[in-house]
Amino acid sequence: MRLALRSAARGLGRTAPNPPVGCVLVNGGQVVGTGYHARAGEAHAEARALGAAGERAAGATAYVTLEPCAHHGRTPPCADALVRAGVSRVVAATLDPDPRVSGRGLGCLRAAGVEVVCGVLEAEAVRQQAGFRSLTLRGRPWVG
C-alpha cells in the first residue's frame with residue numbers, strides 16, 4: 001500500500017475534481033503493474049496498473065489507495081475492470097466519499113467473488129486525498 005500511496009502522490013494537484021489514486025498489482029509476491037491517476041479525464045490508476053500487468057493481473061492482489069469507482073463518468077468503472085481482469089483480491093486504503101461510489105465499488109467486487117479488505121493505511125490515504133474529500137464532503141476546497 002505504501003507503493004500505491006507513493007504512486008498516487010505523482011498525480012497530486014493535477015486530478016481535480018477527482019482524487020489522486022495509486023494502484024499496485026501483486027501476483028506471486030512480485031509487483032506486476034503500477035498506475036496512478038495522472039489527470040482528470042484520463043485513465044484511472046487501476047486501468048493503468050491493469051494495462052501494465054496484462055495477463056499477469058489474473059489472480060493478483062490490487063492495492064488501491066481509494067475504493068475503485070463503480071459508476072460511468074469520463075472513464076468506465078474500475079471495479080468492473082478489476083473483475084474482468086480476474087483480480088482475486090482488492091486491498092483498499094479507504095472508502096470513496098463520493099455518493100456515486102461509497103461502498104458500491106467494494107460491493108461490486110464482493111458480488112463478483114473478489115476478496116476485499118478495506119482500511120489499510122487509511123489515515124495516510126485520507127490525508128493524501130484531503131482536497132478531494134473536502135470538495136466532496138463539504139463542497140469547498142481544502143485549505144490546509
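That block above? That's the structure.
Reference entry: report on the structure contained in this document. (Residues numbered from 1 in each chain as written. Predicted model: local features only at pLDDT ≥ 70, side-chain atom pairs only at ≥ 80, totals over all residues. Heavy atoms only, no water.)

Digging into the side chain of Arg133
Then, in step 1: With respect to the secondary-structure elements, Arg133 resides in helix 6 (residues 130–138).
Then, in step 2: Within polar-contact distance, the side chain of Arg133 engages the backbone oxygen of Leu95 at 3.0 Å.
Then, in step 3: Not counting chain neighbours up to four residues away, the residues in contact with Arg133 comprise Leu66, Thr94, Leu95, Pro97, Val126 and Arg138. (Helix = DSSP H or I, 4+ residues; strand = E, 2+ residues; numbered from the N terminus. Polar contact = N/O pair within 3.5 Å; in protein donor to acceptor, adjacent residues only side chain to side chain. Contact = heavy atoms within 4.5 Å.)

Here we look at the sheet that holds strand 2 (residues 30–36)
Then, in step 1: A sheet is described by the order of its strands in space; here 5 strands give the open sequence 2-1-3-4-5, paired in mixed fashion. Every interior strand has two partners, whereas the edge strands, strand 2 and strand 5 (115–118), have only one. The average undirected angle you get between the axes of adjacent strands in this sheet is 15°.
Then, in step 2: As paired strands, strand 3 (residues 61–64) and strand 4 (residues 89–92) are joined by 4 bridges and run parallel to one another. Residue pairing across strands places Val64 opposite Ala92, the latter belonging to strand 4.
Then, in step 3: Across the sheet, helix 4 (residues 104–111) lies against strand 4 and strand 5, angled at about 150° from strand 5, the strand it touches most. (Pairing = 2+ DSSP bridges. Axes fitted to C-alpha atoms, helices over the stretch in contact; angles between N-to-C directions.)

Notes on the pattern of salt bridges
Oppositely charged side chains are able to pair whenever their charged atoms sit close together.
Then, in step 1: Counting across every chain of the model gives 4 salt bridges.
Then, in step 2: Linking Arg2 and Glu124 is a salt bridge whose minimum nitrogen-to-oxygen distance equals 3.8 Å. Separated by 122 residues along the polypeptide, Arg2 in helix 1 (residues 2–9) and Glu124 in helix 5 (residues 122–128) bring together distant segments of the chain. (Salt bridge = Lys/Arg side-chain N within 4 Å of Asp/Glu carboxyl O.)

What about the nonpolar core?
Note that soluble globular proteins tend to have their nonpolar side chains buried in a common cluster.
Then, in step 1: Residues Leu25, Leu50, Ala62, Leu82, Val87, Val90 and Leu109 are the most contacted members of the largest nonpolar core, which totals 23 residues.
Then, in step 2: Listing elements by their share of this core, those giving two or more residues are strand 1 (22–27), helix 2 (45–53), strand 3, helix 3 (78–85), strand 4 and helix 4.
Then, in step 3: Among the elements that take part in this core, helix 2 stands out by supplying 4 residues, more than any other.
Then, in step 4: Discounting residues that sit within four places of it in the chain, Leu109 has contacts with Pro68, Ala79, Leu82, Val83, Val90, Val114 and Val116.
Then, in step 5: Of all hydrophobic cores here, the second largest spans 7 residues; its members include Ala4, Val24, Val91 and Ala125. (Core = buried A, V, L, I, M, F, W, Y, C linked by side-chain atoms within 4.5 Å. Buried < 20%, exposed > 50% of the residue type's maximum accessible area, 1.4 Å probe, protein only.)

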